[in-house]
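# Residue-level structure breakdown
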Amino acid sequence: MAKHLNIPLSADEINGLNVGDTVLLSGVMVTGRDAVHKWIHDTFIRKITPATEEDLEILSLLKPLLSEGIIYHCGPVVTGLESSQYRITAAGPTTSIREEPYQADVINFFTLRGVIGKGGMGAKTLSACHAAPAVYFHAIGGAAALIAECITEVIGVYRLDLGVPEAIWVIRVKDLPVIVTMDAHNSSLHATVLEQSKKSLDKMIS
Amino acid sequence: MRDYTQELLELVRLTSTDLPNPVEARLEVALANEEPGSAAQTALETILKNVAMTRKNSTPICQDTGTPIFYVHAPATIDRDELTRQIRNTVGLATQKSYLRPNAVDALTGMNTGNNLGDDYFPTIHFHVSETNELTIDLILKGGGCENVGAQYSLPNDTLQAGRDLEGVRKAALDAVFRAQGEGCSPGFLGIAIGGDRGTSYLASKEVLLRDPDDHNQDAELDILENKITAEANELGIGPMGFGGKATVLGTKITSIHRLPASFFVTVSYMCWAYRRRKMIIIGDKVFYE
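Structural notes, computed from the coordinates. (Residues numbered from 1 in each chain as written. Chains lettered and ligands numbered in written order. Predicted model: local features only at pLDDT ≥ 70, side-chain atom pairs only at ≥ 80, totals over all residues. Heavy atoms only, no water.)

As a further point, take the sheet that holds strand β8 (residues 276–283) of chain B. Residues and elements named next belong to chain B. Ordered by their spatial adjacency, five strands build an open sheet running β2-β1-β3-β8-β9, and the pairing between neighbours is mixed. Each edge of the open sheet carries a strand with a single partner, namely β2 (124–129) and β9 (286–289). Sheet twist, expressed as the average angle between the axes of neighbouring strands with direction ignored, equals 15°. Helix α4 (residues 80–96) rests against β1 (67–74), β2 and β3 (135–142) of the sheet, and its axis sits at about 150° to β2. Where helix α7 (residues 198–207) meets the sheet, it contacts β1, β2 and β3, and its direction lies at approximately 85° from that of β1. (Pairing = 2+ DSSP bridges. Helix = DSSP H or I, 4+ residues; strand = E, 2+ residues; numbered from the N terminus. Axes fitted to C-alpha atoms, helices over the stretch in contact; angles between N-to-C directions. Contact = heavy atoms within 4.5 Å.)

A separate point is the packing of helix α2 (residues 34–45) of chain A against helix α4 (residues 100–110) of chain A. All names here are of chain A. Close contact between α2 and α4 brings their axes to 10 Å; oriented N to C, the two are set at 60°. Judged by the angle between their axes, α2 and α4 are oblique. Viewed along their axes, α2 and α4 form a crossing whose handedness is left-handed. Contacts between α2 and α4 pair His37, Lys38, Ile40, His41, Phe44 and Ile45 from the former with Tyr102, Gln103, Asp105, Val106, Phe109 and Phe110 from the latter. Among the residues forming the contact of α2 with α4, the class breakdown is seven nonpolar, three polar and two charged. (Parallel < 35°, antiparallel > 145°, perpendicular 65-115°, else oblique. Left-handed = near helix turned anticlockwise from the far one by under 90°. Nonpolar A, V, L, I, M, F, W, Y, C, P; charged D, E, K, R; others polar.)

All names here are of chain B. Tracing the sequence through the fold places Glu7 in helix α1 (residues 5–17). A residue is classified by how much of its surface remains accessible, and Glu7, at 16% relative accessible area, is buried. Side-chain polar atoms of Glu7 contact the side chain of Arg2, separated by 3.0 Å. Residues contacting Glu7, with those up to four places away along its chain left out, are Arg2, Met280, Ile282, Val287 and Tyr289. (Buried < 20%, exposed > 50% of the residue type's maximum accessible area, 1.4 Å probe, protein only. Polar contact = N/O pair within 3.5 Å; in protein donor to acceptor, adjacent residues only side chain to side chain.)

Let us now look at the interface of chain A and chain B. Every contact between the two is made by 42 residues of chain A and, on the other side, 41 residues of chain B. When residues of chain A are sorted by the area they lose upon contact with chain B, Leu146, Met204 and Ile205 of chain A head the list and together hold 19% of the total. Our enumeration of links across chain A and chain B arrives at zero salt bridges. Where chain A touches chain B, the interface holds twelve residue pairs in polar contact (both at pLDDT 80 or more). Of all the secondary-structure elements, those providing two or more residues to the side of chain A that touches chain B are β4 (77–79), β5 (87–90), α6 (144–149), β9 (168–182) and α7 (189–205) of chain A. Among the elements that make up the side of chain A that touches chain B, the one with the highest residue count is α7 of chain A (ten residues). A per-class count over the side of chain A that touches chain B returns 22 nonpolar, 14 polar and six charged. (Buried area = accessible area lost by both parts, 1.4 Å probe. Salt bridge = Lys/Arg side-chain N within 4 Å of Asp/Glu carboxyl O.)

What follows concerns unusual backbone geometry. Leaving glycine out, the prevailing phi sign among residues is negative, and the prevailing peptide bond configuration is trans. Of note, the amide linkage connecting Ala132 of chain A to Pro133 of chain A takes the cis form, showing an omega dihedral of -10°. Residue position: Pro133 of chain A is located in the loop between α5 (123–131) and β7 (135–138). The peptide bond linking Leu155 of chain B to Pro156 of chain B adopts the cis configuration, its omega dihedral lying at 5°. Relative to the elements of secondary structure, Pro156 of chain B occurs in the loop between β4 (151–154) and α6 (166–180). The phi dihedral of Ser58 of chain B falls on the positive side, at around 55°, and the residue is not glycine.

Time to look at the pattern of salt bridges. A complete count under the given rule lists 30 salt bridges over all chains for this structure. Here Arg33 of chain A and Asp34 of chain A are joined by a salt bridge, their closest N and O atoms 3.2 Å apart. The pair Arg33 of chain A / Asp34 of chain A is uniform in exposure class, with both members buried. Here Asp18 of chain B makes a salt bridge to Arg55 of chain B, at a shortest N to O gap of 2.6 Å.

A separate point is the state of the cysteines. Scanning all chains against the criterion turns up zero disulfides over all chains. Cysteine Cys150 of chain A shares no disulfide, and the gap to the nearest cysteine sulfur, in Cys74 of chain A, comes to 12 Å. Residue Cys185 of chain B stays outside any disulfide, its sulfur separated by 6.0 Å from that of Cys272 of chain B, the closest cysteine. Of the residues examined, Cys185 of chain B reaches a relative accessible area of 6% and is grouped as buried. (Disulfide = S-S within 2.5 Å.)

Below, the discussion takes up the environment of Ile283 of chain B. Residues and elements named next belong to chain B. Note on placement: Ile283 falls in strand β8. You can call Ile283 partly exposed: its relative accessible area is 38%. Taking the C-alpha atoms as reference points, Ile283 and Thr136, 147 residues apart in sequence, are found 8.7 Å from one another. Aside from chain neighbours lying at most four places away, what touches Ile283 is Glu134 and Phe288.

So, about the nonpolar core. Membership of the largest hydrophobic core comes to 64 residues, with the highest contact counts inside it found for Leu27, Tyr153, Leu190, Ile192, Met241, Val266 and Trp273 of chain B. The element best represented in this core is α6 of chain B, accounting for eight residues. Of the residues that make up this core, three or more belong to each of domain 1 (5–15 + 61–143 + 276–289) and domain 2 (145–271) of chain B. With 33 residues, the next largest nonpolar core counts Ile88, Ile147, Val164 and Ile171 of chain A among its residues. (Core = buried A, V, L, I, M, F, W, Y, C linked by side-chain atoms within 4.5 Å. Domains from an automatic or database assignment.)

Next up on the list: helix α3 (residues 53–66) of chain A. All names here are of chain A. For α3, which comprises 14 residues, the first-to-last C-alpha distance of 20 Å matches the rise-based estimate of 20 Å (1.5 Å per residue) to within 8%. The set of residues buried in α3 consists of Asp55, Ile58, Leu59, Leu62 and Leu66. For α3, the elements touching its buried residues are β2 (22–31), α2, β3 (70–72), α4, β8 (151–158) and β9. The positive-phi residue at the C-terminal boundary of α3 is Glu68, with phi of around 55°. (Expected span 1.5 Å × (residues − 1).)

If you want it as structure tokens, here you go:
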């Protein structure tokens, strides 16, 4: 049975989730992928790049959305760009492991309760999930139209200068289907599958 | 020369929104084989629902509409520059119509051109002279997730104990599938090139993905190897999306090209389950799509 959860998510709700749970997520979430993670990391966390006034303004708008909230690793297909009457027609997850260098810091910085993506993430993120607590939700890669149907509203967009796929889309979703593949109790389906498949591979090529 | 923009636009629409039947059929077989109630089964059910929905609604199967790669076989009478212009124009139009996501990003500035038109490499257009009067254009849309898990091995490889023979090719291919885990959107398809230089080997590994998923390799030994790699990859247990399960690879195609004495490359191009590939054939006034 799928669990229905509403964003923002409490620490208790997150601690109640285990690898393998199916969840239907509702509420407001924010897309963010490669450029956004690097931007947040370099500008606000490590402060390698000085923050402009615009950067700080966007940050102040993002903070309440991301406190106990969710970042979705997604670069959608969006119509209505000329009129700003945005509609998302394809919104599957992108591969999450590219954010591994940044994700743990980003989870801590915003007090995220989860990230959604595909392919899973590594040990650093798993340990950040344990500390937060937060979880990794896996969406189905390529199921772009089905997920787009769960988006009831495009609330706004930031950093559209990064291009449509890399921009920060603020979306309201209803019953977005995901599977917990990394939980707050240090359990990762991806680590398990990696280990088991390594054993099988070693047998086959020895 | 005639204007083929409308015909090309239909090619792009079909490719992005309507998964070829042989691919869908393999996904259906994979679904039937997974354990009831497993995450693998859920993933494949979701994938097949999505396929039906995008076919009906003419929306992209996957938001990552990838690099549009065109393979043109044109009679010598076709003006290559003009056809290039028409293809680029069509890609821009298809982006406006949201059949394609704007994907061309300047590698130095990070700027997205907004219309999928980058330099001469984006979209990618390969030209060949056709020996008949037919103009055929194949299109593959290959997303970044699966492109990122492609791999090239230089044999011999001591770690894998892979020598310069078909056994070495097999080991390299299985290693590539293992390393990809679920990141390339498994269950995927493998295009493998043996030989070439680093560049031509990658080219050939993509071109071999133009073969019909259901055909057989004309080389009997390679045909056996194709099936063996698919079967063994599925024993790795990586499964759909890397959730664990039986379906990891749905098909393997292998080609071999000439190499230098010093080089022996095995190149694996990984194609995600959303194996978006269509062909357009133009004979006189008639247009056919496969």
